[in-house]
Structure formats: C-alpha cells, structure tokens
Amino acid sequence: MRRRNQSFGRQVRRRYTNLVWLVLCGLVVVLFFVVLFSKDNGPAKRQEMAKRPYRQDRILVGLNVTEEMLNPNSISRQISDQIALAKSLVVIAKESNNLQFAWELSAQIRNSQILLSDAATRRSPLTVTEAETAIRDMALLLYQAQQLHYDSATMIMRFKAKIQSLEEQTSSVSEKSAKYGQIAAEEIPKSLYCLGIRLATEWFRSRKLPRRLVDKKQSAWKLQDNSLHHFCVFSDNILATSVVVNSTAVNSKDPSSVVFHLVTDEVNYVPMKAWFAMNEFRGVTVDVQKIDDFSWLNASYVPVLKQLQDAETAKYYFSGGNDENRTPIKFRNPKYLSMLNHLRFYIPEVCPSLKRVVFLDDDVVVQKDPAALFSLDLNGNVNGAVETCMETFHRYHKYLNYSHPLIRAHFDPDACGWAFGMNVFDLVEWRKRNVTGLYHYWQEKNVDRTLWKLGTLPPGLLTFYGLTEPLDPSWHVLGLGYTNVDSKVIAKGAVLHYNGNSKPWLKIGIEKYKPLWDKYVDYNHPMLQQCNFH
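Only a predicted model underlies this, so the values are computations on that prediction, with no experimental measurement involved. (Residues numbered from 1 in each chain as written. Predicted model: local features only at pLDDT ≥ 70, side-chain atom pairs only at ≥ 80, totals over all residues. Heavy atoms only, no water.)

Visitor: Looking at this model, I keep getting lost on the overall build of the protein chain. Mind explaining?
Guide: The number of helices and strands found in the protein chain is 22 helices and nine strands. Put simply, 73% of the contacts in the protein chain that link residues at least 6 apart link residues at least 24 apart. For the protein chain, the exposed surface amounts to about 31400 Å²; the carbon and sulfur share of it is 54%. (Helix = DSSP H or I, 4+ residues; strand = E, 2+ residues; numbered from the N terminus. Contact = heavy atoms within 4.5 Å. Areas by Shrake-Rupley, 256 points an atom, 1.4 Å probe, with all protein chains shown as cover.)

Encoded structure:
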C-alpha cells in the first residue's frame, strides 16, 4: 500500500493560518479608516444637530414665553414657579380657615409680581442681588406651608371630607324641601277657605239659590241620557272644579250636550251647590252629589274603608312617626286614603245608567272640544288613556314591587304605564268584566303595603292591565305642575294636566303655566273679590 506524504497535513494548516491573518489585517485597516473619518465628520454632525430645531420649538409657538423663562439658571423663572405654587397654597389656606397665612402669601405674591413687572419693563433679566430677598421670603412661606401639611395628599383627604359633608347637607335640604313642598301643596289657601264659608252663608241666607237649583233639576233627564257627553269630577276644591267645567263649556262646540257629574264631601257640598247654582256655564248641565249619600260606600264593600279601621294603617298614614322617617312623606299622605280619590274605581255605581263617561281630575284645563272622545273605538277595552312610557320611569317596574311573587307572576315589568286625569271609560265593558271586583282583589292583597305604596295609579295599573286602549298623546298633556313642557305640545293639547305639587291656584304654582288656568277664572266675581282672589 502507498504511504501518504508526511508533509501533507502541515501544508494545509499553514494555508488556513495565512488566510486568517489576511482577514484580520483587512479588518484592522477598515476600522482605522472608520475611526479616521468619524473624527473628521463628528464636529460637523454635532453642528448640524445643534442647528436642528427642537420639537419643543413647535410647541412654544403662540405661547407667551421668553428665552429668559426657559433658562434653567433664570431668576425670573424661579420666582414665577414660586408664585404659581403660592397661589395654590393661598386657596388651601383659606379652605383651612388660616386667613392670616393666606394674607401673608398673597402679600409676598404681590411683591414677587412687582419684581417681574419691573424686569419686563426695563427689558433686562433680574439679578441675584435684587431678587434674593423676595426668593428667600417666599421660600420661608412655602416651607411654613409644608410644616402646616398643606400638601396634595392632605388636601385631597380634606376635600373628600368636605364633599361628603356637602352631600349630606344636600340630602338633608332636599328631604326638607320635598317635605315642605308637600305640606304647601296639601294646605288649603285662605282664599279657598273663605270662598267655601261665604258660599255656604249665601246659600242659607238666600232663597233664590235653592230655587235656582230646583229649576235646574227640571233637566234631570239629561243625567241619564246616553246620547249626551258625560263627565265625572270628584273633588273638594270649588274653584278648581269650576275651571274644569268652565274650560269645557268654553271650548265645546255644543255646550248644551255636556253633562257634569260632580261628587264632593260633606264640608264642600253646600258651597259647591251654591257656586253652580249662582253661575251659568253656557248651558252645561251640572249635577252635584255628596259622597256620604252613597249607601253602598261602606267598609263591608270598600277595602279602603275597611283598611282605615285597622289601627296600624291609621297609624302609618296619620301619626307620621312610627318608622323613624324611613318612608318618604309623599307615601304617607292621607289623601291617598280619601274616598274622593278612590271613587274613580266606582264610576259604574256613581253613574248606574250611563254607558260611557270621561273622567277628569280637578287639576286639568280643557282647551279643545272633547266631543270626539265619545266616539273613539276602544277595541273592546275598558279604559282609554294616554300612555306615559316614553321614558323608562313610567313603566310598571317603577310603580310596583317586583320582588313580590304575586306581582312578578302576573305583570310584565316593562309594560307601558299610563296616566289618570283624563280617561275614557266604557262602563258596559267595565260591568261585564267586573273591573271593580279586580280593584277590590288587589286592594285586599296590598293591606300590608308590600305590592305598592303610593296613590291610586298603581292599583289602577293592576286593575286595568290588558284592558287599556292607548290614546293619542295630544288628548292629555301632563307635567304642568312639576316640570317644563314644550310649548308646541301645550298648544296642541286637548287637556292640560297640572299634576304635581305646583298647582295653579297655589303660590308655589309654576308662573308661566298659570295664565292657561287663570283665563277660565272670573276674578271680577263678587265672591272671589271678597276672598282676595287675584
């Protein structure tokens, strides 16, 4: 076998070694030239960079700053910074009721501002000598503020405590405002009280008024004539009822076809009869009844009267202090137990011969002819009403307690609410469906006030659930007694409702809506003048 040349391996290694050395030498030469050129071009590049505008230059365009203010060694800038901090500490010192310290800070701020003003006037920077005293005095005050704990963290805690205190005060004031507003709304104005007394006196003194009433009763056949337009108003307010009747008479094309069924209490029965006996309303027929004359209205038939016999219920509504004020005053208003308020659920008994009536609250004004209401198709429903669910507030879940299984099982929480105040009732369907019986059922279930708390609307929503026909919103415009209403909506409205505490006959009434009510009151009437109505 032929042997390999002994020098073969060493020659290859020597060849690779030479190649490595050549590469290293080449890299050294390249690095030398790189360093050489970088030294030559460095100053030039730095000059170019120095000449480039900073990004802040674009930000400073339009700002009232100078080179002096931007100089880190500037005396003016130091004083300006002290002034800015001192101004914030002045506010904090006043909040802490340290008025002396606040005054000292304000005085030093003025001194520093005078220095800056002088320097700006002469257009030369401040020197250390002329500013030394001002800077030292301000620094001492700032350190004093630090010792007084006038820092951000402390003030945040103080402001939080202040906010909490203000919130508690606001809550208390709001509660008192609601309470006093409710009291003001429930009070009978002296003028109304005077009117009732004078009318009762006139009725018993004069023989003409009872005679006029007898003459008017010759048209009693109208009270049962279903071809006429029948309205029901249940009220103890003589003047408000008069406005309802008068506004209807003025705006009806045929006032002689209008019949009003008025029901009042024992106290206002004689004054109400006297008022409608001595005044004519363009041929409108007015019948005044007394609620005490309804023999069927007794505790064995009416759940509300039965509940009034319960000691706990009477205490809840009339004592006012058995639950440590946990329940708002509006929920405890005794008027919600008034039978005049609940009589709307007994209209078939009040008007046993009628087939259709329009129910009106005493705080409404009729400004369009209501005759079309008596020809509306209710599609087999009992109640025609304007729905109020344009907002979330007026859906069923806002009126009823949906934590109660009875409510949750029978009623859709998002069902649309509607309003009492102007309602068309089909009394034929009412009697057929025993609506009054439904009302009794829900009133008896709510004896412990767990289904609802407030008023007659919640039981109305339950009673007429599935039995209500929506009407055009222009038939019944709400909110004139508590909120702002669009003037265009008011102009188109057939019935304007002053629902809320701000009734138009009270001093707390909303001024811009009072003229709509006042124009149906004859303030030149002798009785009204004697009682200072104006």
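Visitor: For this particular structure, what's the right way to read the packing of helix α8 (residues 190–205) against helix α11 (residues 266–278)?
Guide: Packed helices, taken two at a time, are described by the angle their axes make and the gap between the axes. Running from N to C, α8 and α11 cross one another at 75 degrees; their axes reach a closest spacing of 8 Å. In terms of orientation, α8 lies roughly perpendicular with respect to α11. Only Val270, Pro271, Lys273, Ala274, Trp275, Ala277 and Met278 of α11 make contact with α8, whose side of the interface consists of Leu195, Gly196, Leu199, Ala200, Glu202, Trp203 and Phe204. Looking at the contact of α8 with α11, its residues break down into eleven nonpolar, one polar and two charged. (Axes fitted to C-alpha atoms, helices over the stretch in contact; angles between N-to-C directions. Parallel < 35°, antiparallel > 145°, perpendicular 65-115°, else oblique. Nonpolar A, V, L, I, M, F, W, Y, C, P; charged D, E, K, R; others polar.)

Visitor: Sorry if this is basic, but what is going on with the packing of aromatic side chains here?
Guide: Note on aromatic pairs: each is described by the distance of the centres and the angle between the planes. Tallied over the entire structure, the rule returns 24 aromatic pairs. Judged by centre distance (5.9 Å) and plane angle (45 degrees), the rings of phenylalanine 234 and phenylalanine 359 are tilted. Within this pair, whereas phenylalanine 234 is found in strand β1 (residues 229–234), its partner phenylalanine 359 is found in strand β4 (residues 356–360), the two being separated by 125 residues in sequence. Using a relative accessible area of 2% as the deciding quantity, one classes phenylalanine 359 as buried. (Phe/Tyr/Trp six-rings, centres within 6.5 Å; stacked < 30°, edge-to-face > 60°. Buried < 20%, exposed > 50% of the residue type's maximum accessible area, 1.4 Å probe, protein only.)

Visitor: Quick question: what am I supposed to make of the nonpolar core here?
Guide: In a soluble, globular protein the nonpolar side chains are often hidden away together inside. Counting residues in hydrophobic clusters, the biggest one holds 61 residues, and the most contacted among them are Leu195, Phe260, Trp275, Phe276 and Leu360. Formed by 44 residues, the second largest nonpolar core is a distinct cluster that contains Cys232, Leu305, Tyr402 and Leu461. (Core = buried A, V, L, I, M, F, W, Y, C linked by side-chain atoms within 4.5 Å.)

Visitor: Before we go on, may I ask you to explain a nonpolar patch on the surface in this structure?
Guide: Among the surface-exposed residues, Trp21, Leu24 and Leu27 lie close enough to one another that they form a single nonpolar patch of about 340 Å² accessible area. Of note, tryptophan 21 is situated in helix α1 (residues 8–51). Owing to a relative accessible area of 55%, tryptophan 21 belongs among the exposed residues under this scheme. (Patch = residues over 30% accessible without salt bridge, like charges linked within 9 Å, V, L, I, M, F, W, Y side chains within 5 Å. Salt bridge = Lys/Arg side-chain N within 4 Å of Asp/Glu carboxyl O.)

Visitor: Where do I start with the environment of glutamine 224 in this structure?
Guide: Within the fold, glutamine 224 resides in the loop between α9 (208–216) and β1. According to the relative accessible area criterion, glutamine 224 is exposed, its value standing at 55%. Along the sequence, glutamine 224 and proline 352 sit 128 residues apart, while their C-alpha atoms lie 8.6 Å from each other. Aside from chain neighbours lying at most four places away, what touches glutamine 224 is His230, Ser353 and Leu354.

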